[in-house]
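For reference, the chains in residue letters:
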Amino acid sequence: MDELRRIDLNLLLALHALLTEKHVTRAALRLHKSQPAVSHSLAQLREHFNDPLLVRKQGKLELTTRGNALLQPLSEALTNLNTLLGTPQFDPLHAQRRFRLSLSDYAARLVMPDLMRYARQHAPGFDFAISQASRDAMLVQLADGELDLALGIFPELPQDIRVETLFEEDFICLADKATIREKGSLSLEEWLARPHVMLALKPDANDEIERALAAKGLKRRIAVALPHWSAAVELLPGTDLVFTIARRAVGPVRSFRDLRQFAPPRQLQLPKMAYQQAWHARKDSDPALSWLRQVVLNGCKPSIGG
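Residues numbered from 1 in each chain as written. Predicted model: local features only at pLDDT ≥ 70, side-chain atom pairs only at ≥ 80, totals over all residues. Heavy atoms only, no water.

Peer 1: I keep staring at the pattern of salt bridges and nothing clicks. Help me out?
Peer 2: If charged atoms from side chains of opposite charge come close, those side chains can pair. Counted by the stated rule, this structure contains 16 salt bridges. Taking the shortest distance from any N to any O, the salt bridge between D148 and R97 comes out at 3.8 Å. With D148 in the loop between α7 (135-143) and β5 (149-152) and R97 in strand β3 (residues 97-102), this pair connects stretches of sequence that are 51 residues apart. On the basis of relative accessibility, which here comes to 2%, the residue D148 falls in the buried class. The closest approach of N and O atoms between R97 and D286, which form a salt bridge, is 2.8 Å. Linking R97 in strand β3 with D286 in the loop between β12 (273-280) and α11 (287-300), this pair joins segments that are 189 residues apart in sequence. Using a relative accessible area of 15% as the deciding quantity, one classes D286 as buried. (Salt bridge = Lys/Arg side-chain N within 4 Å of Asp/Glu carboxyl O. Helix = DSSP H or I, 4+ residues; strand = E, 2+ residues; numbered from the N terminus. Buried < 20%, exposed > 50% of the residue type's maximum accessible area, 1.4 Å probe, protein only.)

This is how it looks when you write it as structure tokens:
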């Protein structure tokens, strides 16, 4: 107990955030403190432990041997202390919170209507700020504390990003029905010979379709790459363009009488995609975000296997 008397317990929270994030600004976000305050805490901790704890190497902060040795026992101690002290029961009906989400217009159509209906009834104090970004940008924003939750496909994850699969998705093709055989489709050769529309936030994005083609040594011609779903569909009537997209996105296409839906060529073997929600590990114990993630997951369950 003598050692505990020599240190402010709040410094241990700062130490845990610094050792976990390896970044003063992100630790400050995690602690809801200013960067100068966290920098001051780091100076105090270095003096207390007589060790730099974090050192800069090649432009990044890395743990010293002592800092690395402290991380696991400190995490366990703080978890036990938090359990001992307990927390008030989370009540979404009376909570106030503004969530920052990033998702595409595809995900917004799938997720937001049910989410808003449920939230307005069960958590009327919750507000939602929605943005759209590439998957790489979303992961950076999660790490930097700019987002609470991101929805998308994340084949490669940084160490501290958590994900949960909402549903599995596959692909469907769309084209002007006058250019497709009735009750038919396109062979691989025909599909490759046609110009394609690509839905992407960046013109040179390397999505699941491009990777599947590259694995077979194939390449398609992208005649138009754009980030807007509705505009992409409008380009198809009266052209020879082909649009290959996620199956659940084609619901509104029923109103386009000039379009035909058909399966991609079997030889492509396009993989199913795990559509996920992602958050940063620092928010694992956030009860409001846990509630939101569960609501999003429950809202997607009826679509599984649909």
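Peer 1: Help me understand the side chain of H280 in this model?
Peer 2: Relative to the helices and strands, H280 resides in strand β12. At 3.0 Å, the side chain of H280 forms a polar contact with the backbone nitrogen of R282. Every residue in contact with H280, bar those within four places of it in the chain, is listed here: E21, L142, A143, D160 and I161. (Polar contact = N/O pair within 3.5 Å; in protein donor to acceptor, adjacent residues only side chain to side chain. Contact = heavy atoms within 4.5 Å.)

Peer 1: Help me understand the sheet that holds strand β11 (residues 259-262), please; the structure alone is not making it clear to me.
Peer 2: The strands making up a sheet associate through backbone hydrogen bonding, with each pair oriented either parallel or antiparallel. The strand order across the open sheet built from 5 strands is β9-β8-β10-β7-β11, with neighbouring strands paired in mixed fashion. The open sheet has two free edges, formed respectively by β9 (222-226) and β11, since each of these has just one partner strand. Within this sheet the neighbouring strands show an average axis-to-axis angle of 25 degrees, counted without direction. (Pairing = 2+ DSSP bridges. Axes fitted to C-alpha atoms, helices over the stretch in contact; angles between N-to-C directions.)

Peer 1: What is the right way to read the packing of helix α3 (residues 24-31) against helix α4 (residues 35-49) from this model?
Peer 2: Describing two packed helices takes the angle between their axes plus the distance from one axis to the other. In the contact formed by α3 and α4, the axes pass within 9 Å of each other and the chain directions differ by 105 degrees. When the axes of α3 and α4 are compared, the pair comes out roughly perpendicular. Along its contact with α3, which presents V24, T25, A27, A28 and L31, the element α4 presents Q35, V38, S39 and L42. Broken down by class, the residue content of the contact of α3 with α4 amounts to 6 nonpolar, 3 polar and no charged. (Parallel < 35°, antiparallel > 145°, perpendicular 65-115°, else oblique. Nonpolar A, V, L, I, M, F, W, Y, C, P; charged D, E, K, R; others polar.)

Peer 1: Help me understand the sheet that holds β12, please; the structure alone is not making it clear to me.
Peer 2: Strand order in the open sheet formed by 5 strands is β4-β3-β5-β12-β6, and the pairing between neighbours is mixed. Pairing within the sheet leaves two strands with one partner each, and these edge strands are β4 (126-131) and β6 (161-169). Direction aside, the axes of adjacent strands within the sheet are offset by 20 degrees on average. Alignment of β5 against β12, held across 3 bridges, turns out to be antiparallel. In the sheet register, G152 faces β12, and the bridge partner there is Q276.

Peer 1: I'm lost on the environment of D148 in this one. Help?
Peer 2: Linking D148 and L42, residues 106 residues apart in sequence, is a C-alpha distance of 26 Å. Non-local contacts of D148, meaning those with residues more than four positions away in its chain, are made with R97, R98, F99, R100, L142, A278, W279, K283 and L289. A polar contact is formed between the side chain of D148 and the backbone nitrogen of R100, at a distance of 2.8 Å. Within the structure, the side chain of D148 is placed 3.2 Å from the side chain of K283, a separation counted as a polar contact.

Peer 1: What's the story with the layout of surface pockets in this structure? I'm lost.
Peer 2: The gaps of empty space that remain are located by a probe, the size of a water molecule, rolled over the atoms. There is about 840 Å³ of room inside the second largest pocket. If you trace the second largest pocket, you find 37 residues lining it, with R135, L199, A200, D207 and E208 closest to the centre. If you list the elements that add at least two residues to the lining of the second largest pocket, you get α6 (105-122), α7, β5, β8 (196-199), α9 (208-215), β10 (242-246) and β12. When its residues are assigned to classes, the lining of the second largest pocket shows 22 nonpolar, 6 polar and 9 charged. (1 Å grid on protein atoms, 1.4 Å probe; cavity = no way out; pocket = protein on both sides within 12 Å on 5 of 7 lines; lining within 4 Å. Points joined across faces, edges and corners; volume = space filled by probe spheres on them.)

Remember that the coordinates give geometry; whether it matters functionally is a separate question.
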